[in-house]
Amino acid sequence: MADVPTDAPEHCPGTQSEQAGKSSSCEGCPNQKLCASGATKAADPAIAEIGEKLSTVKHKILVLSGKGGVGKSTFSAHLAHALASDATKEVALLDVDICGPSIPRIMGLEGEQVHQSGSGWSPVYVDDNLAVMSIGFLLSSPDDAVIWRGPKKNGMIKQFLRDVDWGELDYLVVDTPPGTSDEHLSIVQYLSSTHVDGAVIITTPQEVSLQDVRKEIRFCQKVKLPIIGVVENMSGFVCPKCQNTSQIFPPTTGGAEQMCADLNLPLLGKVPLDPRIARSCDEGRSFLAEVPDSPATQIYLDIVKSIQDYCSNHVTDEHKAT
Amino acid sequence: QINNNNISESLSQVQHVVLVLSGKGGVGKSTITTELALALRHAGKKVGILDVDLCGPSIPRMLNVGRPDVHQCDSGWVPVYTDAQKSLALMSIGFLLDDPDEAVVWRGPKKTALIGQFVSDVAWGELDVLLVDTPPGTSDEHLAVLENLKKHRVDGAVLVTTPQAVSTGDVRREITFCKKTGVRILGIIENMSGFVCPHCSECSNIFSKGGGEELAKLTGSVFLGAVPLDPLLSASMEEGKDFSQTFPESSTFSAINSISQTLLCSLQAS
Ligand SMILES: Nc1ncnc2c1ncn2[C@@H]1O[C@H](COP(=O)(O)OP(=O)(O)OP(=O)(O)O)[C@@H](O)[C@H]1O
Ligand SMILES: [Mg+2]
């Protein structure tokens, strides 16, 4: 549905929407007749191309949250690191946060650029079996702002899926920006001709965050995206001096646990607020490798294990079904 | 029924318009907006908050106004007042949505259209300062708000960041956004700076420290101040309590208060 032409009238409803050719902003648009005829509602050919391209990717996982700053990118990066710690698996991490790409820094790849290869853009590799793609690799300086409206962002996401030379992959992890907007609709739509395992939803414990996350869950249900489970991040801070726990973001309405019980969703785990995680991200290193014996590392690994299990059970279910 | 009120009318009695921006999500834009508004009101000012975060409007909860029905008068939408003196007015795009849990799954053009109408259609009346809380990023909502507010006036933007590099990196991009769109940067606030353990008073820099001040130096912007990571503040936000009333003696409140004073001076000087 990246269906608003760049030269469209200001309030173009989109060439594939129900209102196409019929809304008041369509008046005077040279394409009004075409849109009204319904011809433009045909599926974007890119969807089939993407389906073809990603047919060599076994598992696709989206990391989502309605709320900003809850740790989506941190989680995506650690999920990718943990999956790739098995040297026999090929893993890729795609950052579709077009306006605030933080994956390059978190993965220690700031300043890297993508290269054009015969078969498309080649991603940037952290390890032989861990590839990363982000709009950050296409910017010339860390001050560059991507001030794009929706349609342009959608075009970029399409290119990331269709024109990147992903190769054979076991896992593709997709990190998203906060909210339920163009980026989210686009990724779901562009992946509609492929199998997506599901979404991992990240939240922090307080209601201010949960109220947005509930909307994200509604979004998943609306677009029929299965939810693998919920991760509660920044849940409790253990003082390094006195070892007492403080609830910096208090779970005033029962936190993710209560929400998961209410909505009948699995809670994959609760990751504590650990300053070393923030530091690892700033320095572009894997916290899992830096502090392998911390409680947070163990929790991450347990969560990743549940996700792996979900993905493989899913595959067997599907095989049984066919 | 859409009002054909023009923008300069609805904002004609508003002295100053300040955007609260951050490239990064969850750094405390809405919290800072709320606290600045409360501090300014505390100082005797008439304040308004315009919340344009369509996908995640947080201010109604933070000010504990629930989900009021908003009404229209001849000059547009009537904002919701949090007190009898009508010294703090709020208009949230959240008020116009039917179901609070429903996801607003809209693409850019639709958001642009709604925001355009929304910004020009609130009957603010007389205000000293109007604070505009925005969603994270530099995209449709931001461009739409700016385009519409600029027809009247925009004094400038306050940028909120947390201290860690992952966040200041996004705020650097926001600074470029301000430069490209001609918005004056009134200053940078570092939020969630240092956490004092309530059990042993040890200060931990959970999201590191000093990143906001460094960024201000690097980019030649004013550093407005640092607000600590305070569990009493997040609890207060959850319950929609007025932190300036409940903890007027805390160092967190004094940090916020001094930021609001600096901001006010810079607005009045311009
Ligand atoms: N200084 C602070 N001390 C403690 N908690 C804080 C502080 N600042 C913000 N918070 C809490 O952090 C959470 C995120 O803050 P807030 O919702 O204001 O961020 P935001 O930038 O508006 O997020 P979004 O990008 O999603 O709009 C809230 O629960 C808030 O109460
Ligand atoms: Mg907010």
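Criteria and thresholds
- Residues numbered from 1 in each chain as written.
- Chains lettered and ligands numbered in written order.
- Predicted model: local features only at pLDDT ≥ 70, side-chain atom pairs only at ≥ 80, totals over all residues.
- Heavy atoms only, no water.
- UniProt positions renumbered as here; feature names shortened; annotations may be inferred.
- Helix = DSSP H or I, 4+ residues; strand = E, 2+ residues; numbered from the N terminus.
- Buried < 20%, exposed > 50% of the residue type's maximum accessible area, 1.4 Å probe, protein only.
- Contact = heavy atoms within 4.5 Å.
- Pairing = 2+ DSSP bridges.
- Buried area = accessible area lost by both parts, 1.4 Å probe.
- Salt bridge = Lys/Arg side-chain N within 4 Å of Asp/Glu carboxyl O.
- Polar contact = N/O pair within 3.5 Å; in protein donor to acceptor, adjacent residues only side chain to side chain.
- Nonpolar A, V, L, I, M, F, W, Y, C, P; charged D, E, K, R; others polar.
- Disulfide = S-S within 2.5 Å.
- Patch = residues over 30% accessible without salt bridge, like charges linked within 9 Å, V, L, I, M, F, W, Y side chains within 5 Å.
- Areas by Shrake-Rupley, 256 points an atom, 1.4 Å probe, with all protein chains shown as cover.
- Lys, Arg positive; Asp, Glu negative; His and termini not counted.
- Charge placed at Lys NZ, Arg CZ, Asp CG, Glu CD.
- Phe/Tyr/Trp six-rings, centres within 6.5 Å; stacked < 30°, edge-to-face > 60°.

The name that an unreviewed UniProt entry assigns to chain B is Cytosolic Fe-S cluster assembly factor NUBP2, with the source organism given as Gouania willdenowi. Under the UniProt heading Subunit (unreviewed entry), the entry covering chain B gives this text: "Heterotetramer of 2 NUBP1 and 2 NUBP2 chains. Interacts with KIFC1. Interacts with NUBP1." UniProt lists a comment for chain B under the heading Function (unreviewed entry), and it reads "Component of the cytosolic iron-sulfur (Fe/S) protein assembly (CIA) machinery. Required for maturation of extramitochondrial Fe-S proteins. The NUBP1-NUBP2 heterotetramer forms a Fe-S scaffold complex, mediating the de novo assembly of an Fe-S cluster and its transfer to target apoproteins. Negatively regulates cilium formation and structure."

Under an unreviewed UniProt entry, the name given to chain A is Cytosolic Fe-S cluster assembly factor NUBP1 homolog, and the organism recorded is Gouania willdenowi. On record in UniProt, under Subunit (unreviewed entry), the comment for chain A is "Heterotetramer of 2 NUBP1 and 2 NUBP2 chains." Comment text from UniProt for chain A, heading Sequence similarities (unreviewed entry), reads "Belongs to the Mrp/NBP35 ATP-binding proteins family. NUBP1/NBP35 subfamily."

The topology assignment puts B:D99 in the loop between β6 (88–92) and α4 (108–120). Given the relative accessible area of 28%, B:D99 is considered partly exposed. Residues B:D99 and B:A235, spaced 136 residues apart in sequence, show a C-alpha to C-alpha distance of 25 Å. Apart from residues no more than four positions distant in its own chain, B:D99 is found in contact with A:R218 and B:R67.

This part is about the pairing of strand β5 (residues 124–127) of chain A. Residue and element names in this part refer to chain A. Across three bridges, the pairing between β5 and strand β6 (residues 130–133) is antiparallel. Bridge pairing in β6 links V124 to V132. Between β5 and β6, which pair antiparallel and follow one another directly, the connecting turn spans two residues.

Moving on, we come to the UniProt feature "binding site: [4Fe-4S] cluster 2" (unreviewed entry) in chain A. As recorded in UniProt, the feature "binding site: [4Fe-4S] cluster 2" (unreviewed entry) lies at A:C239 and A:C242. Relative to the helices and strands, A:C239 resides in the loop between β9 (227–238) and β10 (245–246). Residues within four places of A:C239 in sequence aside, it is in contact with A:N244, B:C197, B:C200 and B:E202. Here A:C242 shows up in the loop between β9 and β10. Among all residues touching A:C242, those that are not within four sequence positions of it are B:C197, B:H199 and B:C200.

With that settled, consider the UniProt feature "binding site: ATP" (unreviewed entry) in chain A. Residue and element names in this part refer to chain A. Under the local residue numbering, the UniProt record ascribes the feature "binding site: ATP" (unreviewed entry) to G66, K67, G68, G69, V70, G71, K72 and S73. Take G71: it is sitting in the loop between β1 (57–64) and α3 (72–84). When residues no more than four places from it in sequence are discounted, the contact partners of G71 are I202 and N233. Assignment of secondary structure puts K72 in helix α3. Residues within four places of K72 in sequence aside, it is in contact with V63, L64, S65, K67, D175, T176, P177, P178 and I202.

This part is about the interface of chain A and chain B. Of the residues lining the interface, 65 residues belong to chain A; the matching set on chain B comes to 56 residues. Summed over both partners, the interface of chain A with chain B buries about 5100 Å², with 56% contributed by carbon and sulfur atoms. For the interface between chain A and chain B, the tally reads six salt bridges. A salt bridge links B:E147 to A:R149; its shortest N-O distance comes to 2.8 Å. Taken together, chain A and chain B are joined by 24 residue pairs in polar contact (both at pLDDT 80 or more). Counting only elements with at least two residues in the side of chain A that touches chain B, the list comes to α4 (103–106), α5 (150–162), α6 (182–190), α7 (207–222), β9, β10 and α9 (275–283) of chain A. Here the residues of the side of chain A that touches chain B are counted per class, giving 28 nonpolar, 20 polar and 17 charged.

Evaluated as defined, the whole model comprises zero disulfides over all chains. There is no disulfide at A:C239, and the cysteine sulfur nearest it, in B:C200, is 3.6 Å away. Just so you know, A:C260 is unpaired, no disulfide at all, and the nearest cysteine sulfur is the one on A:C220, 12 Å from it.

This chain's UniProt record puts "binding site: ATP" (unreviewed entry) on B:G23, B:K24, B:G25, B:G26, B:V27, B:G28, B:K29 and B:S30. In this structure, B:G26 sits in the loop between β1 (14–21) and α2 (29–42). Discounting chain neighbours no more than four positions away, the residues touching B:G26 are A:G68, A:G69 and B:M192. Apart from residues no more than four positions distant in its own chain, B:V27 is found in contact with B:S22, B:V160, B:T161, B:T162, B:S167, B:N191 and B:M192.

Taken together, A:E90, A:D127, A:D128 and A:E168 make up a surface patch of like negative charges. Among the structural elements, A:D128 can be located in the loop between β5 and β6.

Turning to the packing of aromatic side chains, a few remarks are in order. All names here are of chain A. Per the stated rule, a full pass over the model turns up five aromatic pairs over all chains. When the centroid spacing of 6.4 Å and the interplanar angle of 65° are considered together, the rings of F287 and Y300 count as edge-to-face. Of this pair, F287 sits in helix α10 (residues 287–290) while Y300 sits in helix α11 (residues 295–321), placing them 13 residues apart in sequence. Since its relative accessible area comes to 0%, F287 is described here as buried.

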